Amino acid sequence: MNELLPLLTYSLLMSSTPGPNNMMLTASGANFGYRRTLPHILGIGAGHGLQIFVTCLGLGALFASHPVLHAVLRGVGALAMLYLAWQIAGSAVAAAALARPLSFAQAAAFQFVNPKNWIKSITVASLFMPVGVGSAWGALIVLLVTVAINFPCVSMWALFGVAIRRRLTDPRRRQLFNLVMAGSLFVLALWLLHDPNHG
C-alpha cells in the first residue's frame, strides 16, 4: 500500500483542483442538480480511466518522443473548452437555462481533448506505475486507483453547484453564474493557448 500512496496523493490533488471538468460540473450541478449531472460524472471517470490505461500501456511514450503532439493537443483542448464556454455563455446571454447536461458519451469523449487530464495521465504513466507487475496489471491498478479517487472528487464539484443552486433561482443570478463559469473556461483555454511553458 505504501507504494501506492504517491499515486493516491497525486490523483487526489489533480482530481480536486479546478480545471475544465470541475468547472463544467459546478455549472451542471447548479443548473441541473446532481442526479442529471451523474452521467457527466460517470463519463469523466470512464473516459479518463480509459485514457490513463492506454497512456500507461505506452501512449505516454509517444507524447514524450513527439513534443509537437502536446501543442496539437493543447490547441484542440483549448478549442473544445472555448466551444463549451460559448455554449454556457450563450445560455446566459439568452437568459435561458442550459438545454441539457453533458451526456456520458460527451463527457467521456471530452477527456481525450482535456489537457489537464493528459498531463495527469502522462505523469502517472511516467512516475507512478507499480513496479514488479506486468504493464497491463500495472495499468489496471493505476486505472482502478485513479477512478476510485476521481469519483468523489468530481462529485464534490457537482455538489458544490447543487449547493449554490438555491441562490440561483433568480434568473439574473443564474445568468451571472453561467457567465462566470463560461468566462473561467474561456480564460483557461486562452491560458493553454498562450502559455509557452505549459505542455
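As shown above, the structure is provided for reference.
All values derive from a computational prediction rather than experimental measurement.

Attention now goes to the overall build of the protein chain. Helix and strand content of the protein chain: eight helices and zero strands. What you see in the protein chain, going N to C, is helices and strands ordered as α-α-α-α-α-α-α-α. By the burial criterion, 48% of the 199 residues in the protein chain qualify as buried. In the protein chain, 84% of the contacts between residues at least 6 apart in sequence involve partners at least 24 apart.

Turning our eyes to something else, we now look at the packing of aromatic side chains. Across all of its chains, the model carries two aromatic pairs by this definition. Ring geometry for phenylalanine 112 and tryptophan 118: centres 6.3 Å apart, planes at 65 degrees, overall edge-to-face. A residue is classified by how much of its surface remains accessible, and phenylalanine 112, at 31% relative accessible area, is partly exposed.

The next subject is the environment of valine 162. Within the secondary structure layout, valine 162 lies in helix H7 (residues 135-165). For valine 162, a relative accessible area of 25% translates into the label partly exposed. Spatially, the C-alpha atom of valine 162 lies 9.8 Å from that of threonine 37, the residues being 125 residues apart in sequence.

Here is what the cut-offs are and how they apply
Residues numbered from 1 in each chain as written. Predicted model: local features only at pLDDT ≥ 70, side-chain atom pairs only at ≥ 80, totals over all residues. Heavy atoms only, no water. Helix = DSSP H or I, 4+ residues; strand = E, 2+ residues; numbered from the N terminus. Buried < 20%, exposed > 50% of the residue type's maximum accessible area, 1.4 Å probe, protein only. Contact = heavy atoms within 4.5 Å. Phe/Tyr/Trp six-rings, centres within 6.5 Å; stacked < 30°, edge-to-face > 60°.

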